[in-house]
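Each chain, written out:
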Amino acid sequence: MVGSTLALRSKMASPSAMQLSSLSRRSLTTRSPVQTLRSRQSVTQQVAQRAARRPYSDAPPAAPAPKPRKRFRFLRWTWRLTLLAGVGLAGQLAYSVYDQRHPIEQAQPDPNKKTLVVLGSGWGSVSLLKKLDTENYNVVVISPRNYFLFTPLLPSCTTGQVEHRSIMEPIRSILRHKKAHVKFYEAEATKVDYEKRVVYISDDSEIKGDISHTEVPFDMLVMGVGAENATFGIKGVKENSCFLKEVGDAQKIRKRIMDCVETAMFKDQSDEEIKRLLHMVVVGGGPTGVEFAGELQDFFEQDLRKWVPDIQENFRVTLVEALPNVLPMFSKQLIDYTESTFKEESITIRTKTMVKNVTDKFIEAEVTKPDGTKELETIPYGLLVWATGNALRPIVRDLMSQLPAQKNSRRGLAVNEYLVVNGTENVWAVGDCAITNYAPTAQVASQEGAFLARLFNTMAKTDGIEKELQQLSDAQSAAKDEESRNRIFDEIRENQRQLRRTKQIGPFQYSHQGSLAYIGKERAVADISWLSGNIASGGTMTYLFWRSAYLSMCFSTRNRVLVTVDWIKARLFGRDVSRE
């Protein structure tokens with residue numbers, strides 16, 4: 001009785017699905033709606049629990065999981081490519097630094113080769129040395145400075161935006177990476193004797209040795225000595241103004257700016273004297289003058305007025321230009337944009353204003369009024385920066401006097417289409433000391449130097465082929481059988497064909513890549529050559545292009561890294577306002 005009762009309870013405790021279904025149908029007819037709902041929920045829970053206790057093989061197949069949506073795949077690939085590019089650039093930078101720090105062993109000079117003397121270490125000379133195969137010649141470089149200066153960023157050095165050592169590349173570092181040894185003498189070339197094929201040099205350093213004057217013979221000579229600052233014979237310019245051509249000029253200007261500021265803040269200084277000291281005048285409306293004026297106004301707006309707020313009412317920058325407008329090499333729309341930007345920055349532009357005399361406190365200028373009349377005006381200043389034109393160096397003037405073909409030249413050495421100095425056979429000229437049909441810019445000098453490197457490399461190959469032809473001709477004459485003579489004759493014809501191909505180098509042709517100028521307030525203007533026309537642009541995006549272009553033009557990886565660090569440092573901490 002008890003066993004049957006337990007069995008009955010067991011069967012009732014575990015009803016089958018069919019029993020549960022019939023039980024639920026019977027209960028629906030005898031229960032209230034609430035009881036019926038609760039009963040249905042209870043039965044459903046029991047069925048679910050029973051199904052969960054079944055073996056896995058008896059369970060119904062699960063529905064396939066939804067595939068993940070393809071979100072952010074583009075961003076993931078962009079990040080991966082960016083990371084890969086960053087790793088590649090870092091590797092290239094590391095290799096470049098290692099290669100620069102570990103020069104190769106160099107071949108020693110061969111006395112049987114020609115001596116090529118290069119005067120100067122500017123754009124033309126360094127571009128020549130960079131591409132020249134020094135194994136073909138015994139190369140000697142003579143320059144009063146033992147570094148190459150990246151002049152386009154020199155205006156930035158005057159206000160501390162870029163440190164001067166960041167745009168200097170040691171000339172010995174350049175020469176040490178050549179295949180063959182190159183001699184360098186830090187000296188001033190004082191005279192070239194063309195008849196004797198000799199260059200006279202002088203050691204002008206503070207520490208003198210036993211020999212301070214000597215001579216260097218040459219077989220081939222490249223004049224790349226540049227030019228001096230043109231003063232146009234105006235009285236007082238050399239004594240009272242600052243130039244902007246060398247590192248020393250930038251350091252002098254930087255010191256003079258802070259001198260003017262601190263002197264203006266001296267106790268009991270008169271208002272008139274304060275206004276004079278804080279008036280910065282720039283003479284010359286070319287790229288150098290415009291860029292310096294923009295850099296100087298930036299220095300005032302971003303740094304000086306914060307730390308010396310007392311000067312903000314009297315600090316002024318004035319740009320003086322004798323021509324009707326600034327930046328004459330740019331298009332009209334960019335000239336107008338520059339002038340409007342200067343007006344927005346409170347930089348005064350005085351066009352049609354020709355300086356006649358300079359004293360230690362003011363300049364006298366002849367101003368042409370709109371009606372054509374002229375009036376003499378006095379302009380007081382605290383700082384005067386002279387950025388106008390070039391003049392001949394004494395060594396260039398002396399060489400011109402030795403050559404009858406140069407008697408009509410006034411601005412420099414006249415050269416032919418291969419940059420050979422007229423009246424000579426083995427003297428070439430590049431850069432500002434040469435007269436060509438192109439403006440005396442760094443871009444022109446750089447292309448001239450690269451052209452001469454190709455020319456000299458070709459000449460060396462030509463000389464080698466001609467010597468080999470002479471040897472083959474002698475060997476053919478001494479040949480005893482017909483077969484040997486025919487073989488040598490075939491070699492002669494092959495060398496003659498190679499000689500004709502080698503000699504097919506055309507004259508120098510300048511390819512203008514464009515003009516760039518910074519105009520302040522993080523804006524720049526650019527006239528870029530594109531296909532058969534020009535692209536003129538100005539603004540903040542052009543300023544970013546200006547920076548990237550100048551960064552890519554820097555001579556070495558070292559310069560690029562240092563300039564980038566200087567820009568970041570100036571952005572984070574501002575320019576230094578201490579007086580050196």
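- As recorded in an unreviewed UniProt entry, the protein chain goes by NADH:ubiquinone reductase (non-electrogenic) and comes from Aspergillus puulaauensis.
- The protein chain has a UniProt comment under Sequence similarities (unreviewed entry) that states "Belongs to the NADH dehydrogenase family."

**A closer look at the overall build of the protein chain**
- Within the protein chain, the regular secondary structure consists of 17 helices and 25 strands.
- Residues classed as buried in the protein chain amount to 41% of the 580 residues present.
- For the protein chain, contacts bridging at least 24 residues in sequence account for 65% of all contacts bridging at least 6.
- With an accessible surface of roughly 33,700 Å², the protein chain has 54% of that area assigned to carbon and sulfur atoms.

**Focus: the sheet that holds strand E17 (residues 374–380)**
- Reading across the sheet, the 3 strands line up as E15-E16-E17 and stay open at both edges, with antiparallel pairing between neighbours. Strands with a single pairing partner mark the edges of an open sheet, and in this sheet they are strand E15 (353–358) and E17. On average, adjacent strands in this sheet sit at an angle of 30 degrees to one another, irrespective of strand direction.
- Bridge count for strand E16 (residues 362–368) against E17 is 7 bridges, and the pairing is antiparallel. Looking at the pairing, Ile-363 lines up with Ile-379 of E17.

**Structural notes on the pattern of salt bridges**
- Per the stated rule, a full pass over the model turns up 17 salt bridges.
- The partner of Arg-276 in a salt bridge is Glu-273, and the shortest N-O contact between them spans 2.5 Å. Here Arg-276 and its partner Glu-273 are both found in helix H10 (residues 271–277), 3 residues apart, which amounts to about one turn of the helix.
- Put simply, Glu-344, Lys-521 and Arg-523 are held in one network by salt bridges that share partners.

**Topic: empty space enclosed by the protein**
- For the structure shown, the criterion picks out 1 cavity of 30 Å³ or more.
- Lining the largest cavity we find Thr-158, Arg-254, Lys-255, Ile-257, Met-258, Phe-299, Asp-576, Ser-578, Arg-579 and Glu-580.
- Element by element, the count of residues in the lining of the largest cavity is highest for helix H9 (residues 247–264), at 4 residues.
- Its residues assigned to classes, the lining of the largest cavity shows 3 nonpolar, 2 polar and 5 charged.

**A closer look at the nonpolar core**
- Counting residues in hydrophobic clusters, the biggest one holds 120 residues, and the most contacted among them are Leu-119, Met-223, Leu-452 and Phe-456.
- In terms of domain composition, this core takes at least three residues from each of domain 2 (115–225 + 394–432 + 438–455) and domain 3 (242–391 + 512–573).
- In contact with Leu-119, not counting residues within four places along its chain, are Ser-125, Ile-142, Ala-189, Val-192, Val-199, Leu-221, Val-222, Met-223, Gly-224, Val-225 and Ile-395.
- If you look at the next biggest cluster of nonpolar residues, it comprises 14 residues, including Val-320, Val-358, Ile-379 and Trp-386.

**Focus: the pairing of strand E7 (residues 198–202)**
- Within E7, 4 of the 5 residues are buried, which leaves it mostly tucked inside the rest of the structure.
- Turn length for the strand E6 (residues 188–193)-E7 hairpin, with the two strands adjacent in sequence and antiparallel, is 4 residues, and the turn residue Arg-197 shows positive phi of about 60 degrees.
- Bridge count for E7 against strand E8 (residues 213–217) is 5 bridges, and the pairing is antiparallel. Paired with Ser-202 across the two strands is His-213, which belongs to E8.

**Concerning a nonpolar patch on the surface**
- Residues Leu-93, Val-97, Val-561 and Val-565 make up a contiguous nonpolar surface patch of roughly 290 Å² in combined accessible area.
- For the nonpolar patch, the secondary-structure elements that each account for two or more residues are helix H4 (73–101) and helix H17 (557–573).
- Judged by its relative accessible area of 41%, Val-97 is partly exposed.

**Considering the packing of helix H16 (residues 540–553) against H17**
- Taken N-terminus to C-terminus, the directions of H16 and H17 make an angle of 150 degrees; their axes are 9 Å apart at the nearest point. Note that H16 runs across H17; the crossing there is right-handed. Contacts between H16 and H17 pair Arg-547, Leu-551 and Ser-552 from the former with Arg-560, Val-563, Thr-564 and Trp-567 from the latter.
- Grouping the constituent residues of the contact of H16 with H17 by class yields 3 nonpolar, 2 polar and 2 charged.

**A word on the side chain of Gln-297**
- Turning to its location among the elements, Gln-297 is positioned in helix H11 (residues 287–307).
- Accessibility expressed as a relative area gives 4% for Gln-297, which makes it buried.
- For Gln-297, the side chain forms a polar contact with the main-chain oxygen of Glu-345, separated by 3.0 Å.
- In this structure, Gln-297 is in contact with Phe-315, Val-317, Glu-345 and Ile-347, ignoring residues within four places of it in sequence.

**A short note on the sheet that holds E6**
- Taken together, 3 strands build an open sheet; the order of strands is E6-E7-E8 and the sheet is antiparallel. In this open sheet, the two strands that pair with only one neighbour each are E6 and E8. Strand-to-strand twist in this sheet, taken as the mean axis angle between neighbours without regard to direction, amounts to 25 degrees.

**Regarding unusual backbone geometry**
- Of note, Leu-419 is a non-glycine position whose phi angle comes to about 65 degrees, a positive value.
- With respect to the helices, strands and loops of the structure, Leu-419 is situated in the loop between strand E20 (413–414) and strand E21 (427–429).

**A look at H11**
- The terminal C-alpha atoms of H11, which comprises 21 residues, lie 29 Å apart, in line with the 30 Å expected from a rise of 1.5 Å per residue.
- In the structure, H11 departs most strongly from a straight axis at Phe-300, where the bend amounts to approximately 45 degrees.

**With respect to the environment of Asp-204**
- One can find Asp-204 in the loop between E7 and E8.
- Note: C-alpha distance between Asp-204 and Pro-144 (60 residues apart in sequence) is 7.9 Å.
- A polar atom in the side chain of Asp-204 sits 3.2 Å from the side chain of Ser-202.

**Quick look at the packing of aromatic side chains**
- One pass over the full model with this rule turns up 15 aromatic pairs.
- Both rings, one in Trp-428 and one in Phe-456, keep their centres 4.9 Å apart while their planes meet at 80 degrees; by these two values the pair is edge-to-face. Taken together, the residues Trp-428 in strand E21 and Phe-456 in helix H14 (residues 442–478) connect sequence positions 28 residues apart. One exposure class covers both Trp-428 and Phe-456, and it is buried.
- Pairing Trp-546 with Tyr-550 gives two aromatic rings, centres 5.0 Å apart and planes at 55 degrees, and the pair type is tilted. With Trp-546 and Tyr-550 both in helix H16 and 4 residues apart, this pair spans about one turn of that helix. For the pair Trp-546 and Tyr-550, a shared accessibility class is recorded, and that class is buried.

What counts, and where the lines are drawn
- Residues numbered from 1 in each chain as written.
- Predicted model: local features only at pLDDT ≥ 70, side-chain atom pairs only at ≥ 80, totals over all residues.
- Heavy atoms only, no water.
- UniProt positions renumbered as here; feature names shortened; annotations may be inferred.
- Helix = DSSP H or I, 4+ residues; strand = E, 2+ residues; numbered from the N terminus.
- Buried < 20%, exposed > 50% of the residue type's maximum accessible area, 1.4 Å probe, protein only.
- Contact = heavy atoms within 4.5 Å.
- Areas by Shrake-Rupley, 256 points an atom, 1.4 Å probe, with all protein chains shown as cover.
- Pairing = 2+ DSSP bridges.
- Axes fitted to C-alpha atoms, helices over the stretch in contact; angles between N-to-C directions.
- Salt bridge = Lys/Arg side-chain N within 4 Å of Asp/Glu carboxyl O.
- 1 Å grid on protein atoms, 1.4 Å probe; cavity = no way out; pocket = protein on both sides within 12 Å on 5 of 7 lines; lining within 4 Å.
- Points joined across faces, edges and corners; volume = space filled by probe spheres on them.
- Nonpolar A, V, L, I, M, F, W, Y, C, P; charged D, E, K, R; others polar.
- Core = buried A, V, L, I, M, F, W, Y, C linked by side-chain atoms within 4.5 Å.
- Domains from an automatic or database assignment.
- Patch = residues over 30% accessible without salt bridge, like charges linked within 9 Å, V, L, I, M, F, W, Y side chains within 5 Å.
- Left-handed = near helix turned anticlockwise from the far one by under 90°.
- Polar contact = N/O pair within 3.5 Å; in protein donor to acceptor, adjacent residues only side chain to side chain.
- Expected span 1.5 Å × (residues − 1).
- Bend = angle between axes of the 7 residues up to and from the residue.
- Phe/Tyr/Trp six-rings, centres within 6.5 Å; stacked < 30°, edge-to-face > 60°.

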